[in-house]
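Given next are the chains, with one letter for each unit.
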Amino acid sequence: MGIDLEKWRQFVNHPKLGEMLLQHKKITIQHLDKAMATQEKNNLPLGEILIEMGVINKDELVEVLELQSNIDKILGECFNHFKELSKDEETK
């Protein structure tokens, strides 16, 4: 049975900044709702809006963005590994 890369790709999503800030208890759902409404109107980055709101500071934003970047890198490496495994199975 081969690895279904499309299912894996759907399962593993790029972690969203707002979700990560919620998970790390840096913001509340109310903060996120307000910031997203502002983002929709002004088309500004979410992190910038949250800093302007005084909810997080620049260091907290950088910390979560670095974590997000590391997660993306790991997910990319895993996907590439699964892709290689899938190719190996096809040649058998």
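Just so it is clear, the structure is predicted and the values come from calculations on it, not from any experiment.

Peer 1: Could you give an account of the side chain of Gln68, naming the residues involved and the relevant values?
Peer 2: The topology assignment puts Gln68 in helix α5 (residues 58-90). Accessibility expressed as a relative area gives 10% for Gln68, which makes it buried. From its side chain, Gln68 meets the backbone oxygen of Pro15 in a polar contact 2.6 Å long. In this structure Gln68 touches His14, Pro15, Lys16, Leu17 and Met20, once residues within four positions along its chain are discounted.

Peer 1: Mind laying out helix α3 (residues 29-42), listing which residues take part and the relevant values?
Peer 2: Along an α-helix, residues three or four positions apart point the same way, because every turn accommodates 3.6 residues. Between its first and last C-alpha atoms α3 spans 20 Å; for 14 residues at 1.5 Å apiece the expected length is 20 Å, and the two agree. Positive backbone phi, approximately 55°, marks Asn43, located one or two places after α3.

Here is what the cut-offs are and how they apply
- Residues numbered from 1 in each chain as written.
- Predicted model: local features only at pLDDT ≥ 70, side-chain atom pairs only at ≥ 80, totals over all residues.
- Heavy atoms only, no water.
- Helix = DSSP H or I, 4+ residues; strand = E, 2+ residues; numbered from the N terminus.
- Buried < 20%, exposed > 50% of the residue type's maximum accessible area, 1.4 Å probe, protein only.
- Polar contact = N/O pair within 3.5 Å; in protein donor to acceptor, adjacent residues only side chain to side chain.
- Contact = heavy atoms within 4.5 Å.
- Expected span 1.5 Å × (residues − 1).

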